[in-house]
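Residues per chain are reported as follows:
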Amino acid sequence: MTASERFVAPARSGRSPCPGVPAGSSGTATAAMGPRRSAASSCGRLLLPLLLLLGASGFFQSYAVEVDIKDASNATCLYADWMMRFLIKYESNNGDYKTTTLNLSSSVTHNGSVCGNDTQAALVAVQFGEGHSWSINITKNNETYQGDFITLTYNTNDTAVFPDAKRKGPITVLVRDPSRPIQLNTVFVCHNSFVIEAENTTQIFWNVTMQAFVQNGTVSKKESRCPADTPTSAPTVPPTIANVTTASATTLSPAPTTAPKPVENPDTGNYSLKSGNKTCFLATVGLQLNVSQEKPLLININPKTTVADGACGNTTATLKLNDGNSTLIGFTFAVKNTSASVQKFYLREVNVTLLNRLNGSVISSADNSNLSKWDAFLGSSYMCRKEQTLQINENVQVHTFNLWIQPFLVEANKFATAEECIADSDLNFLIPIAVGVALGFLIILVFISYIIGRRKSRTGYQSV
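I will try to describe carefully the structure that is included in this document.

What counts, and at which threshold
Residues numbered from 1 in each chain as written. Predicted model: local features only at pLDDT ≥ 70, side-chain atom pairs only at ≥ 80, totals over all residues. Heavy atoms only, no water. Helix = DSSP H or I, 4+ residues; strand = E, 2+ residues; numbered from the N terminus. Areas by Shrake-Rupley, 256 points an atom, 1.4 Å probe, with all protein chains shown as cover. Buried < 20%, exposed > 50% of the residue type's maximum accessible area, 1.4 Å probe, protein only. Pairing = 2+ DSSP bridges. Phe/Tyr/Trp six-rings, centres within 6.5 Å; stacked < 30°, edge-to-face > 60°.

**Some thoughts on the overall build of the protein chain**
Consideration 1: Within the protein chain one finds three helices and 27 strands.
Consideration 2: Accessible surface computed for the protein chain: about 24200 Å², of which carbon and sulfur atoms make up 54%.

In structure tokens form, the structure reads like this:
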């Protein structure tokens, strides 16, 4: 079964019959601007003032997509309702790398979507904008169903999104869906944002409701929630523009005028990557973001809620840190030849993305691909205990504390001999000098005391 209906943008999200449905099959689909209202969540009403504020600041409009695929008997066989946005890094004509945002448009089709059965995978496929498309195929296995592969195709001929792309034409990125299996006759729900990264793309999803292989034409009321929706005993919400703007989500009261408490240094986290069963990347670091705006933000990255991902290579390695689906930080290292026989590694690029935890929208993104920091000989590690500052752009800085990192040639899951930064070397050099000066001063005091004592003894002897 195929569906070729076209998405429309009504004033409110809802289901409506689509014209032009082939005989024996039907489907409905809508695209509504902004967060949708649903029985499971009323956050759209509470977020409306905030979204209007973000829209006034130049943020792209977001559209919710609803797909209701029906089989030959006109019964729903696959239902999906979600919001998504894409961050894509591309090379410009002058050789620089830029990050752009690709959003769903108000007009979307879902040609090629199919119900699936015991032997054929279900497929949700959407097409939007100037030649962009996204799809996920879903397989059925005994009592469960699970997403298999996600395919994103973006077209750099779309000059509104890629105004100066060096490479022209459609580019396809294929990534395996990391979600766990879902029981049949159960609907998957995830209100909070979650992120999938692959090949210079970041796919951001939120407000997801999806059920494949729907039984008896009725979407189940039994839910399977994503880990991001699972409540914790002590949730931590890093400060974002949304937090600063709305002191109370229900009353939207103004922020207090009292001076904020100073932010302490961040906790130090331990991160690692593996290639197969072997550790290939080690990092120990405390991270703090400094975001300049009307009310500057200092954001400490919490290692307890941060997940490490990335890739190891022979000449490049990338560490990606995701702090509770609200802050994404990527560090890219490269190898350079300093002579015919000597190789060193260095930090080449850092990119930072801040997300709104409530709706997954991008608050701020920054990238610097022209760094030359933290260099050390290949096969060794780099260490800097003192605070360092990485200038990403004019508005974003990354501060590091207690840094110890090795992106290449890790052996036995241990750091190699460390090359220390100049700041630490100066400290190590000054300590013995300070000790020597103190000892010298003490010797002088003892010598002076000795001279004074001898003079008093001599004076007393002469008087006798």
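**Section: the pairing of strand E26 (residues 396-406)**
Consideration 1: Summarising burial for E26: eight of the 11 residues are buried, a large majority.
Consideration 2: As paired elements, strand E24 (residues 381-384) and E26 share three bridges and run antiparallel to each other. Among the inter-strand pairings, Tyr382 is bridged to a residue of E26, identified as Ile405.
Consideration 3: Once strand E25 (residues 388-391) ends, the chain turns through four residues before running back antiparallel as E26.

**Some details on the pairing of strand E20 (residues 327-337)**
Moving residue by residue along a regular strand, the side chains alternate between the two faces of the sheet.
Consideration 1: Across the 11 residues that make up E20, a large majority, nine, are buried.
Consideration 2: Pairing geometry for strand E19 (residues 316-323) and E20, over eight bridges, is antiparallel. Across the sheet, residue Ala317 finds its bridge partner in E20, namely Phe333.
Consideration 3: Where E20 meets strand E21 (residues 343-355), 11 bridges bridge the pair, whose relative direction is antiparallel.

**Considering the packing of aromatic side chains**
In this description, an aromatic ring pair is defined by two values, namely the gap between the centres and the angle between the planes.
Consideration 1: In total, this model carries 14 aromatic pairs according to the counting rule given.
Consideration 2: When the ring of Tyr90 is compared with that of Phe162, the centres are 5.2 Å apart and the planes differ by 85°; the resulting orientation is edge-to-face. Of this pair, Tyr90 sits in strand E3 (residues 76-91) while Phe162 sits in the loop between strand E8 (144-155) and strand E9 (170-176), and the two are 72 residues apart along the sequence.
Consideration 3: Residue Tyr90 is classed as buried on the basis of its relative accessible area of 7%.

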